[in-house]
Amino acid sequence: MERAWKNVRSSIQKELGNDIFNNWIVALDYQQFDSGQLTFNVPSSFIANWVETNYGDLIIGLFKKEGWNVTALVFEYKDLISGKDVIKQTDKKNSNSKSDSSVTGLLTNSDIQLPSSPLDKRFTFERFVVGKPNELAHAAARRVAEGGAVTFNPLFLYGGVGLGKTHLMHAIAWQTQNRNPDARMLYLSAEQFMYRFVQALRFKDMHGFKELFRSVDILMVDDVQFIAGKESTQDEFFHTFNALVDHGKQIVISGDRAPGEIDGLEDRIKSRLAWGLVVDLHPTDYELRLGILQSKVEVQSKLHPGIYIDPGILEFLAHRISSNVRVLEGSLTRLYAYASLVGRKVDIDMAQECLADILRISERKVTIDEIIRKVSDHYNLRMSDMISARRSRIIARPRQVAMFLAKTLTSKSLPEIGRRFGGRDHTTVIHAVKKIEDLKHKDLQIAEEVEILRRMLEA
Ligand code: ADP
Ligand code: MG
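Each value, and the rule that gives it
- Residues numbered from 1 in each chain as written.
- Chains lettered and ligands numbered in written order.
- Predicted model: local features only at pLDDT ≥ 70, side-chain atom pairs only at ≥ 80, totals over all residues.
- Heavy atoms only, no water.
- Buried < 20%, exposed > 50% of the residue type's maximum accessible area, 1.4 Å probe, protein only.
- Helix = DSSP H or I, 4+ residues; strand = E, 2+ residues; numbered from the N terminus.
- pLDDT = per-residue confidence, 0-100.
- Contact = heavy atoms within 4.5 Å.
- Near = heavy atom within 4 Å.
- Polar contact = N/O pair within 3.5 Å; in protein donor to acceptor, adjacent residues only side chain to side chain.
- Areas by Shrake-Rupley, 256 points an atom, 1.4 Å probe, with all protein chains shown as cover.
- Nonpolar A, V, L, I, M, F, W, Y, C, P; charged D, E, K, R; others polar.
- Pairing = 2+ DSSP bridges.
- Axes fitted to C-alpha atoms, helices over the stretch in contact; angles between N-to-C directions.
- Phe/Tyr/Trp six-rings, centres within 6.5 Å; stacked < 30°, edge-to-face > 60°.

(A) Just helix H7 (residues 206-214), in detail. Burial of H7 is extensive: 7 of the 9 residues sit out of reach of the surface. Considered for burial, the residues of H7 that qualify are Met-206, Phe-209, Lys-210, Glu-211, Leu-212, Phe-213 and Arg-214.

Encoded structure:
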């Protein structure tokens, strides 16, 4: 009998291919053959069900060819929740011959309601600002959204909090929906995936669960790191994943880090996730942050027609709030609220006051000393010139640049900055900041110098 099983296995491998073989058949552990009943030990009820409905008849047929009259398949497995051993026997009366269609046929019951999570209207490709740090992820997401042949499966997007993973997934969903309103698309967080799985177990509706997840054309699971360490959910996820990939359905997954680096995620899942295209969203750079702010201001200014936010403020925010776009957006929203309350044009001082807490957290460790040193180097001056009382233009302009940088790159107060520049009054600092802000718009060379210095200081 064991010899026959070996032959049957290789026939299945030939007939259905390596993927199906490795995913389903390898898991079958032959136990015994007794009065027509062939018993396998399997890792889970899911595998038992799947093999039984999809390959049961095929297996029995192949055994017949080998000269063994197998009348029923029996599966033994441990129940994932209760930990009890379960024995499940195929019910021959109901075993409708599915093995033919199953090779190609994923359940495509379009009556099944998809419990997709709501999509954010603002998270579209049109509103996604592309820059160096996210261009690859954006291009990959676009490609998936265009449909067509599934070239990379899964698409795995990863990156830190607030870098646009969810935004890109929703954008894929929106575009897919526009392109094909009938596309069966399911977007949900890994947490919801687990919730549904647990519900299905509790209400003994694993069948419905599986049917649901296997009926989609495109499955998107957000924040997959959530299922790290949750074994049976991972198990189920793995099988869902395999079933969809086997049928050429697109999968998009996001995580907070690369698959290989998610602790508590099974190796087989890590390697499966790494099969497709893995792209990361890098932390934002200054240009991207500025671009994002500008695009948000464009939207906001329609909602708040009376409020004007100076471009200099956006530059200031882009400098000072690094990496997380969500915080960047939040600060802008707060500025608008603040501006509508005070009813004036927002200037840097107001911005600093209104966003003090956010700025403190994102503060870069640039010191005034460093600024003075770098600026005097740049203009070939001595550091002592910077803090001297001399007012010749050759020194005064660089000094103003240094004060401007001190104001925008550190959270030191105006009086404190004045003190550090040779005991000057805070009004002198205000004047310097205004002057440079103004010059940056009029004088390209100054703008460039300030930019170069800023980069050096922040590097
Ligand atoms: P993640 O899922 O990576 O934590 P989100 O996709 O939720 O981050 O993004 C956080 C916020 O930042 C959202 O409001 C999103 O619209 C915005 N955002 C992120 N990246 C961009 C971008 N490149 N262009 C426009 N908005 C962005
Ligand atoms: Mg997210």
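(B) Up close: unusual backbone geometry. The omega torsion of the bond from Asn-153 to Pro-154 falls at 0°, within 30 degrees of zero and hence cis. Mapped onto the elements, Pro-154 comes out in the loop between helix H4 (135-145) and strand S5 (155-159). Although it is not a glycine, Lys-204 sits at a positive phi angle of roughly 50°. Counting through the fold element by element, Lys-204 comes out in the loop between helix H6 (190-202) and H7.

(C) Geometry of the confidence of the model for the protein chain. For the protein chain, mean pLDDT is 85; residues scoring 70 or higher make up 91% of the total. A low-confidence stretch, residues 92-111 (pLDDT under 50), is modelled with 30 contacts involving residues beyond four sequence positions or located in other chains.

(D) A look at the site of ligand 1. The environment of ligand 1 is formed by 18 residues, the closest being Gly-162, Lys-165, Thr-166, His-167 and Glu-329. Between Glu-329 and ligand 1, the recorded distance is 2.7 Å, taken from a side-chain N or O atom to an oxygen atom. Burial of ligand 1 by the protein chains amounts to 94% of its free accessible area of 560 Å². For the shell around ligand 1, the elements supplying multiple residues, two or more each, are helix H5 (165-179), helix H10 (286-303) and helix H12 (325-342). Here the residues of the shell around ligand 1 are counted per class, giving 7 nonpolar, 6 polar and 5 charged.

(E) Structural context of the sheet that holds S5. Taken in spatial order, the 5 strands make up an open sheet running S6-S7-S8-S5-S9, and their pairing is parallel. The strands lining the two open edges of the sheet, one partner per strand, are strand S6 (185-189) and strand S9 (277-281). Put simply, the sheet's adjacent strands are angled 15° from each other on average, direction ignored. The pairing of S6 with strand S7 (residues 218-222) spans 5 bridges and is classified as parallel. Bridged to Met-185 within S7 is Ile-218. Strands S5, S6, S7, strand S8 (250-255) and S9 of the sheet are contacted by H5, whose axis makes an angle of about 160° with S7. On the sheet, helix H8 (residues 231-246) packs against S7 and S8 and is oriented at approximately 145° with respect to S8.

(F) Expanded view of the packing of aromatic side chains. One pass over the full model with this rule turns up 11 aromatic pairs. Ring centres of Trp-5 and Phe-40 lie 4.8 Å apart, and the angle between their planes is 50°; this geometry places the pair in the tilted category. Highlighted residues: Trp-5 in helix H1 (residues 2-25) and Phe-40 in strand S2 (residues 37-41), separated in sequence by 35 residues. Residue class for Phe-40 comes out buried when judged on its relative accessible area of 0%.

(G) Representation of the side chain of Ser-331. Relative to the helices and strands, Ser-331 is located in helix H12. Classification of Ser-331 as buried rests on a relative accessible area of 0%. One polar contact links the side chain of Ser-331 to the main-chain carbonyl oxygen of Leu-328, over a distance of 2.6 Å. Those residues in contact with Ser-331 that lie beyond four places of it in its chain are Leu-317, Ile-321, Leu-355 and Ile-358.

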